[in-house]
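Architecture and fold: a report
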Amino acid sequence: KEIVVSGIRSTGFLHLGNYFGAIHNYVKMQEAYNCYFFVADYHSLTTHPDPKDLKGNVFRVAAENIASGLDPEKVALYAQSDIPEIPELYLLMNMLAYQGELEKVPTFKDKVRLNPRNVNAGLLTYPVLMASDILIHRATKVPVGKDQEQHLEMARNFANRFNQRYGAELFPEPHVFRFDESSVKILSLDGNGKMSKSENVNSTIYLSDDDDTIIKKLKKAKTDAGPAAPNSEKPDYIENLFTLMRLVSAPDTVQKFEDDYNNSSEGNVVIRYGDFKKQLAEDMVAFIRPIRENAAELQRDEDRLRKILKAGAEKARESAAKTIAEARKLIGINYY
Ligand code: TYM
């Protein structure tokens, strides 16, 4: 079976972007592949979260993954910090990662721009840690959203560089994997960039949002006066709402609104965005409610979550130990 790795940072509540960009692919992959899914708690440390929040954040992300359909019997679900082989590989890989290439990464440049007072080395070497998460299991497929593609390219570079330097084929190339292209980038409901954990709370739909909150947020989602001519191309904030509708509503519902949109023109706007958003809200509420309720119930069962994470870590460490032993040997750390 091919090996799959992916992770989600424990920096906040999971939202529709995380769900459709990542988790729903995890769920579809869990039968056919050998899957390792983890909570990236080390990656969350770049912004120095309050120590008393860490455990709750990690357990919540795990619970939200399971509530979304991930089966911990089929996949290894673990906390990154439970696998000491990951930081060990990270240290080894840091010797092959260059300042220049790390400084050029767009996500790093964004962080520097947004928070110039906290440009720590962990932030700079974020892609090295991420590559180590993936390479530690010698994964070939990585289900992630569009925003992670550059990081994946770096992981391939580090893998090849290691193989070349040590004349081995230890690491295969990891590639982005997804079932469909429609949900690789879910936009914020205000139309300003991608949906994200910490920005624009009112334009982000979280898996933990209650029914009224979901309805309120969708009601406020950005629309406009309607298309100026039949069969117009949709502006991206409208296309985003259609994408969400395609993901949660019945196909004939989507078709009806698509037709209304395509038959609209200036002076004769057939599509009524109020009705469109109301329908979307209704279907979204029905979609999220079971996930929210299951996640809340799981979070109350700390015992169960702890057992799941420990079992996941055990499985992940088995695979990680083999890789790190070979990496050490190739490098020459092989003394006794
Ligand atoms: P993170 O925690 O920011 O996001 C988790 C996953 O959700 C996807 N995603 C989105 N997809 C579509 N539309 C959006 N608006 C959207 N927002 C987030 C992300 O692409 C990601 O798949 N660096 C990673 C975590 C990580 C990782 C790894 C991933 C650490 N090590 C190893 C894969 C393999 C991150 O910050 O994701």
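Residues numbered from 1 in each chain as written. Predicted model: local features only at pLDDT ≥ 70, side-chain atom pairs only at ≥ 80, totals over all residues.

In the annotation of an unreviewed UniProt entry, the entry for the protein reads Tryptophan--tRNA ligase, and the organism field reads Taibaiella soli. Quoted verbatim from the Function (unreviewed entry) field of UniProt, the annotation for the protein is "Catalyzes the attachment of tryptophan to tRNA(Trp)." (UniProt positions renumbered as here; feature names shortened; annotations may be inferred.)

Topic: the overall build of the protein
Counting its secondary structure elements, the protein contains 14 helices and 5 strands. Here the C-alpha atoms of the protein give a radius of gyration of 22 Å, agreeing with the 20 Å that 2.2 N^0.38 yields for 336 residues. The dimensions of the protein, computed from C-alpha atoms along their principal axes, are 80 × 45 × 40 Å. Partitioning the contacts of the protein with sequence separation of at least 6, the portion at a separation of at least 24 is 78%. (Helix = DSSP H or I, 4+ residues; strand = E, 2+ residues; numbered from the N terminus. Rg over C-alpha atoms; globule rule 2.2 N^0.38 Å. Contact = placed C-beta atoms within 7 Å.)

Details of the site of the ligand
Neighbouring residues of the ligand: 26 residues in total, closest Arg9, Gly17, Gly21, Val144 and Gly145. Of all the secondary structure elements, the ones that give two or more residues to the shell around the ligand are strand 1 (3–9), helix 1 (16–29) and helix 8 (126–135). For the shell around the ligand, the per-class residue count stands at 11 nonpolar, 10 polar and 5 charged. (Near = placed C-beta within 6 Å. Nonpolar A, V, L, I, M, F, W, Y, C, P; charged D, E, K, R; others polar.)

Overview of the domain arrangement of the protein
Domain boundaries assigned for the protein yield domain 1 (3–177 + 302–331) and domain 2 (201–295). Facing 10 residues of domain 1, the contacting portion of domain 2 comprises 10 residues. Among the elements of the structure, helix 1 and helix 3 (54–67) are those that each provide at least two residues to the side of domain 1 that touches domain 2. In terms of residue class, the side of domain 1 that touches domain 2 is built from 7 nonpolar, 2 polar and 1 charged. (Domains from an automatic or database assignment.)

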